[in-house]
Amino acid sequence: MRLSQMLFVTLREDPAEAEIPSHKLLLRAGYIRRIGSGIYAYLPLMWRVLQKVSQIVREEMNATGAMECLLPQLQPSDLWKESGRWDTYTKAEGIMFALSDRQERELGLGPTHEEIITYIARDTIRSYRQLPLHLYQIQTKFRDEIRPRFGLMRGREFIMKDGYSFHADTESLKKTYQDMNQAYSNMFTRCGLEFRAVEADSGAIGGSGSQEFMILAEAGEDEVLYTEDGKYAANVEKAVSLPPDAEVSPFTSYEKRETPNTPTIASLCELLECSPTVVVKNVLYEAVYDNGMMVLVLVSIRGDRDINEVKLQNELVKLAPQYHAKTLLALNVPDEIAQKKWAAKSLPLGYIAPDLADDYISPNKEVAPKFVRIIDKTAVELKNFVTGANEIGYHVVGANWSKEFPLPNLVVDIRKATIGDRASHDSTQTLKSARGIEVGHIFQLGNKYSQAMGATYTNEAGEEIPLQMGCYGVGVSRLAQAAVEQSYDKDGIIWPVAIAPYHVIIVVPNISDEKAMNAAEKLYDELNAAGVETLLDDRSERAGVKFKDADLIGIPYRIVTGRSLKQGKVELVERATKNSQEIPLDKVVSTLQKAVTEAVTS
Ligand code: ATP
Ligand code: MG
């Protein structure tokens, strides 16, 4: 392609709308343009990058035996009602764009495709002989994100590869899951990315497991906790650890103490001269289920630790059937106004004890009459602990479970693991923290959707059984930007060769120099004919401008038809290292062909 014929507009200044380097660079280099919040146009250079990423993804998927298809983006609400996700997706999380058609039928714009694919499986899979089966697509997804930001990183319209597999049993599912683990590692390696596979939260489905693939970068929205022995890495949402040991409590007998103005753990520990590890703090939450039921939750946890709200949510989803609900819609820390809805009397906030009486909840058919009492494992072991006295300005010290306080009946790990904690697999290892950009997620779904939607198959014994399912996503457009976040310098983007929009850019410093122009044209034709994707900067711009632009757009190799042409040579500059060499004209094609092949296959 000739730059003189292309839509090629670069910006000298950083656009005000962009915060992180990759977003600034993609805008400045003319790859993307913002159309609205979280909505971007992929300009020709970007589209080439996206197609390269898609092709790598496609090749690795096909190699595992998965088959590409294309599913509708307009999805009838009926299917989402069958799976029970319509309300969660349109109301609670509100992530799905919903609309009604001219006949007042409700539709959603696909944020993901479990419902559609399960419908297809129900319709087409009859027998174990058709299994396993794996279908995938590469397509635009729509999500009404709360905070669209960072350009393509969190868009409201973005490109995803999503695949769904169907199996007769969990063994077969696990095999495909392993294959996907390998296929994903191959994809990201081929795209030239430094990544890490981490354990991920698999929501309330739990059990079977899920893994995320993270591109390590400061701008990442996710936190990854890992150990240096390479044996443990997990998203903080899922991470487990061993907490520091609790100190021995200085209080040996049970008594109530006046502790004015100590609603926080820090202020309390200062007054009582004790460690936060001997305190049991009690945190109140309101859980709202999909049938409108509100349940009040009291979580007891050691004073020096924080609650992992993802783990808490998963526990509360498990309780849904108890309240005749399917799922949890929201989890809030109640404020003054919220309390008015259910509190029978003023709550001793900041001084709550684990046995806060149920009569704080006023009778109301939409509010469960009893607190759900949950305790984190680390708080169970405490002896002679300090906790609230259910009275503003008072705490108790020297308390013990089963003596002064009944042990809450739900004992779970609900604690947030943090940097510096000892690792669960090896207590000599401590957890380190890094920021990551989630570019892929593989997930064993089990029979959640097949059960809800009645997608079954008949086994050899003639029994009808719900299909086992897995799902596997790659954020194609997010990945492309993440590659820039991982690879740039002060002058611009440095594309990994495998996903660069072009391999080579030929810069003619002065287009009125006929010899230089002719040599460039000849190389341009030869390189493209040899499969080396080449751009020709034939614009009537100053040489300095052209060099700056070439660096900014990040094409891996630059050829300059300049002074050395007199000796039958051109300059070859590698973008990543800025190394430059002069090579004879007749060696240009073979040199670049070799360089590109090596870079793409290594
Ligand atoms: P996140 O936690 O970042 O919101 P997710 O867990 O909701 O992502 P999945 O449903 O697992 O995302 O989607 C599969 C992949 O699609 C993700 O791994 C990510 O790379 C990509 N993705 C998800 N949401 C967006 C978005 N708003 N913009 C761009 N890519 C996205
Ligand atoms: Mg995910």
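Above this text is the structure in question.
Residues numbered from 1 in each chain as written. Chains lettered and ligands numbered in written order. Predicted model: local features only at pLDDT ≥ 70, side-chain atom pairs only at ≥ 80, totals over all residues. Heavy atoms only, no water.

(A) Up close: the sheet that holds strand 19 (residues 394-399). Read across the open sheet, the three strands follow the order 13-19-18; overall the sheet is antiparallel. Each edge of the open sheet carries a strand with a single partner, namely strand 13 (255-258) and strand 18 (385-388). When strand polarity is set aside, the average angle formed by the axes of neighbouring strands in this sheet is 30°. Sheet analysis places strand 18 next to strand 19, joined by three bridges and oriented antiparallel. Looking at the pairing, Thr387 lines up with Val396 of strand 19. (Pairing = 2+ DSSP bridges. Helix = DSSP H or I, 4+ residues; strand = E, 2+ residues; numbered from the N terminus. Axes fitted to C-alpha atoms, helices over the stretch in contact; angles between N-to-C directions.)

(B) Molecular detail of the nonpolar core. Grouped together as the largest cluster of nonpolar side chains are 62 residues, with contacts concentrated most on Tyr31, Met46, Tyr184, Phe188, Trp495 and Ile553. With eight residues, the single largest contributor to this core is helix 2 (residues 44-63). The residues touching Phe188, leaving out its near neighbours within four places in the chain, are Leu193, Phe195, Phe213, Val439, Gly440, Val474 and Leu479. Counting residues in hydrophobic clusters, the runner-up holds 23 residues, among them Leu527, Leu536, Leu572 and Val596. (Core = buried A, V, L, I, M, F, W, Y, C linked by side-chain atoms within 4.5 Å. Buried < 20%, exposed > 50% of the residue type's maximum accessible area, 1.4 Å probe, protein only. Contact = heavy atoms within 4.5 Å.)

(C) Local environment of the site of ligand 1. Around ligand 1, the structure places 14 residues, and the nearest of them are Arg143, Glu145, Arg154, Gly155 and Glu438. Here an oxygen atom of ligand 1 sits 2.6 Å away from a polar atom, N or O, in the side chain of Glu438. A distance of 3.0 Å separates an oxygen atom of ligand 1 from a polar side-chain atom of Arg478. Taken by itself ligand 1 offers 590 Å² of open surface, and the protein chains cover 81% of this. Elements with a contribution of two residues or more to the shell around ligand 1: strand 8 (157-167) and strand 21 (432-446). (Near = heavy atom within 4 Å. Polar contact = N/O pair within 3.5 Å; in protein donor to acceptor, adjacent residues only side chain to side chain. Areas by Shrake-Rupley, 256 points an atom, 1.4 Å probe, with all protein chains shown as cover.)

(D) Spotlight on the packing of aromatic side chains. Enumeration according to the criterion identifies 10 aromatic pairs in this entry. Pairing Phe188 with Phe195 gives two aromatic rings, centres 5.7 Å apart and planes at 65°, and the pair type is edge-to-face. Taking the relative accessible area as the measure of exposure, Phe188 reaches 0% and is therefore buried. Chaining the aromatic ring pairs together yields one cluster made of Tyr184, Phe188, Phe195 and Phe213. Of note, Arg48 hangs over the ring of Tyr502, and the distance from its end group to the ring centre comes to 3.9 Å. Seen from the ring of Tyr394, Lys256 lies directly overhead, with NZ or CZ sitting 4.9 Å from the centre. (Phe/Tyr/Trp six-rings, centres within 6.5 Å; stacked < 30°, edge-to-face > 60°. Lys NZ or Arg CZ within 6 Å of the ring centre and 35° of its normal.)

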